[in-house]
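Here is what each chain is made of, one letter per residue.
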Amino acid sequence: MKHFLEIDDLSKEEIIEVLELSELVPPPKVLSDATVGLIFEKPSLRTRNSSEAAVYQLGGLPISMVSGEVGIDRRESAEDVARTLASYHRFVGARVFAHSTLERMTKAIDVAGSETGVINLLSDFSHPCQALADLATIRNHFGLKPGLKVAYVGDTNNVTRSLAIGCLMLGLDVAVGSPEKYGFEEAERDRLQALGNVTFYSDPGEAVSGAQVVYTDVWTSMGQEEERQQRLRDFAGYTVDSDLMSKAGSDAVVMHCLPAHEDEEISREVLESTASVVWEQAQNRMHVMRGLFLFMSGVRPRS
Ligand code: CP
Ligand code: NVA
């Protein structure tokens, strides 16, 4: 695998390998004397810090760039940005609005014959680095046991998509509870159903029934801010609160990729409860980034 744009760019076995490499202490310094370019078209706390820290821990130098200073497709084309960055960096990570920007960047790098790998740091379509951290967190709490139920409640978005694909690939059961108009489209439901046991609900209580993991994310993702007021109305009743948690399994954990909007998609009480593993999840972002860079550098567990 040269580029990592979606979680299924890795096979099931490779996902496990990345998770195992994430636990390698001390990690081999595979990025010594190497640089990694990280571009952010949107704000970031976790992704930027976890990526920069991981590069440093592997002996490399991260160089982060925020939106205005690069101006993808405004100051110069995504292709020209990609080819330029590839001439400096071992890897290029990018957080973009349009997923197609990542695809254009990888194509330009490949056509140029560069070895540089591109990593999706979140697009409108997917957030695979988050999914790796989510799987690491679930593995730590329950093991990746076939049939374990992961219920996602709220807006079906980039995070939902990567999480659902990753969980289904690993044999976990997935339930998605969303208002009808914010659910996955039929073609995508079919695609997910071909991967494993996934069920779609409009009633959040039914979605979380008996689940070991209850997961939520913001109702208004970055780039959708103009829809916020409408979304607040449409998602009423989908808050992950104590009442909803009482319908999940008695050992259920609560996950959220963060940032959280208190008393919108999750109550502060649940976020701070003993069921909440969100801070561990956030820290796992750094560990899995190390695992991913190691894997993409050719390191394998026990090699
Ligand atoms: N979860 C996540 O990607 O957080 P940031 O947007 O802060 O990077
Ligand atoms: N769905 C959210 C995730 C933030 C990490 C967004 O795209 O804004």
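All chains use their own residue numbering, which begins from 1 and follows the written sequence. Labels follow written order: the first chain is A, the first ligand is 1, and so on. Under the rules for a predicted model, residues below a pLDDT of 70 receive no local features and side-chain atom pairs below 80 are neither given nor counted, while totals for whole chains, interfaces and linings still include all residues. Derived side-chain values reflect all non-hydrogen atoms in the structure, with water molecules and hydrogen atoms excluded from consideration.

Q: Is there a simple way to think about the pairing of strand β5 (residues 149–153) in this case?
A: Moving residue by residue along a regular strand, the side chains alternate between the two faces of the sheet. In this scheme, a residue with accessible area under 20% of its type's maximum is buried, one over 50% is exposed, and one in between is partly exposed, where area comes from a 1.4 Å probe on protein chains only. Working definition: helices are DSSP H or I runs of at least four residues, strands are E runs of at least two. Numbering for both runs from the N terminus. Of all five residues in β5, five are buried; the element is thus mostly enclosed. Burial of the side chains of β5 extends over both faces: Lys-149, Ala-151 and Val-153 are buried on one face and Val-150 and Tyr-152 on the other. In this analysis, strands are considered paired if DSSP registers two or more bridges between them. With five bridges connecting them, β5 and strand β6 (residues 173–177) associate as parallel partners. Directly across from Ala-151, in β6, lies its bridge partner Ala-175. We call a crossover right-handed when, viewed with both strands directed away from the observer, the connection leading from the first strand over the helix to the second proceeds clockwise. Each parallel crossover has a hand, and for β5 linked through helix α7 (residues 158–169) to β6 it is right-handed. Across four bridges, the pairing between β5 and strand β8 (residues 213–216) is parallel.

Q: Is there a simple way to explain the site of ligand 1 in this structure?
A: Each residue is tested against the molecule or strand, and it is near if at least one of its non-hydrogen atoms lies within 4 Å. Around ligand 1, the structure places Ser-44, Leu-45, Arg-46, Thr-47, Arg-95, His-127, Gln-130, Cys-257, Leu-258 and Arg-285. Backbone polar atom of Cys-257 to a nitrogen atom of ligand 1: 2.9 Å apart, as the coordinates give it. In protein, a polar contact requires one atom able to donate a hydrogen and another able to accept it; more generally it is a pair of N or O atoms within 3.5 Å, and residues adjacent in sequence count only if both atoms are side-chain atoms. At 2.9 Å from a nitrogen atom of ligand 1 is found a main-chain nitrogen or oxygen belonging to Leu-258. The pocket occupied by ligand 1, as judged from atoms lying within 2 Å of grid points, is the largest pocket. Looking at the shell around ligand 1 residue by residue, the classes come out as three nonpolar, four polar and three charged. In this analysis, the protein atoms alone were mapped onto a 1 Å grid. Cavities are point sets where a 1.4 Å probe fits without being able to get out; pockets are open sets with protein on both sides within 12 Å along at least five of seven lines; lining residues have an atom within 4 Å of a point. If over half the atoms of a molecule are within 2 Å of the grid points of a cavity or pocket, the molecule is regarded as sitting in it. Classification used: nonpolar for Ala, Val, Leu, Ile, Met, Phe, Trp, Tyr, Cys and Pro, charged for Asp, Glu, Lys and Arg, polar for all others including Gly.

Q: What exactly am I supposed to notice about the packing of aromatic side chains here?
A: Remark: the centre distance and the inter-plane angle together describe each pair of aromatic rings, the angle taken between the planes. Aromatic contacts are taken between Phe, Tyr and Trp rings whose centres are within 6.5 Å, Trp giving its six-membered ring; a plane angle under 30 degrees counts as stacked, one over 60 as edge-to-face, and the others as tilted. For the structure shown, the criterion picks out six aromatic pairs. Relative to Phe-200, the ring of Phe-184 lies with its centre 6.4 Å away and its plane at 85°, an arrangement referred to as edge-to-face. Remark: Phe-200 occurs in strand β7 (residues 198–201) and Phe-184 occurs in the loop between β6 and α8 (186–195); sequence separation between them is 16 residues. No difference in accessibility class separates Phe-184 from Phe-200, as the two residues are buried. A connected cluster of aromatic rings, assembled from ring pairs, spans Tyr-182, Trp-219, Phe-235 and Tyr-238. A ring is considered to have a charge above it if a Lys NZ or an Arg CZ atom is located within 6 Å of its centre and within 35 degrees of its normal. The ring centre of Phe-91 lies 4.2 Å from the NZ or CZ of Arg-90, which sits over that ring. The positively charged end of Arg-300 is found above the aromatic ring belonging to Phe-295, 3.6 Å away from the centroid.

Q: Mind showing me how you'd approach the environment of Met-255 here?
A: The residue Met-255 is located in strand β9 (residues 253–256) in this model. Taking C-alpha positions, Met-255 is 9.9 Å from Ala-151, a pair spaced 104 residues apart along the chain.

Q: So what exactly am I meant to see when it comes to the sheet that holds strand β3 (residues 91–95) here?
A: Two strands in a sheet stick together by hydrogen bonds in their backbones, pointing the same way (parallel) or opposite ways (antiparallel). The strand order across the open sheet built from four strands is β2-β1-β3-β4, with neighbouring strands paired in parallel fashion. Among the strands making up the open sheet, the edge pair consists of β2 (61–66) and β4 (117–120). Strand after strand, the sheet turns through a mean of 20° between neighbouring axes, direction not considered. As paired elements, strand β1 (residues 35–40) and β2 share six bridges and run parallel to each other. Structural elements are reduced to axes, namely lines fitted to C-alpha atoms, with helices fitted over the stretch in contact, and the angle between N-to-C directions of any two is expressed from 0 to 180 degrees.

Q: Help me understand the site of ligand 2 in this model?
A: With respect to spatial proximity, the complete set of residues near ligand 2 consists of Leu-122, Asn-157, Asn-158, Val-159, Asp-217, Val-218, Ser-221, Met-222 and Leu-258. Within the side chain of Asn-157, one N or O atom sits 3.3 Å away from a nitrogen atom of ligand 2. Ser-221 has a polar side-chain atom sitting 2.7 Å from a nitrogen atom of ligand 2. The method behind every accessible area is Shrake-Rupley, applied with a 1.4 Å probe, and residues are considered shielded solely by the protein chains displayed. Burial of ligand 2 by the surrounding chains reaches 95%, relative to a free accessible area of 270 Å². Tallied by class, the residues present in the shell around ligand 2 amount to five nonpolar, three polar and one charged.

Q: Sorry, what's going on with the layout of surface pockets here?
A: To locate leftover empty space, one rolls a probe as large as a water molecule over the atoms. Approximately 740 Å³ is the volume found for the largest pocket. Around the largest pocket, the lining comprises 41 residues; the ones closest to its centre are Asn-157, Asn-158, Val-218, Ser-221 and Met-222. Elements represented by at least two residues in the lining of the largest pocket include exactly α2 (46–57), α7 and α10 (228–234). Looking at the lining of the largest pocket residue by residue, the class counts come to 13 nonpolar, 13 polar and 15 charged. Grid points are joined across faces, edges and corners, and a volume is the space filled by probe spheres set on the points. Counted as a void, the second largest pocket has a volume near 200 Å³. Looking at the second largest pocket, the residues that line it are Leu-19, Ser-22, Glu-23, Ala-136, Arg-139, Asn-140, Glu-280, Gln-283, Asn-284, His-287, Val-288 and Arg-290.

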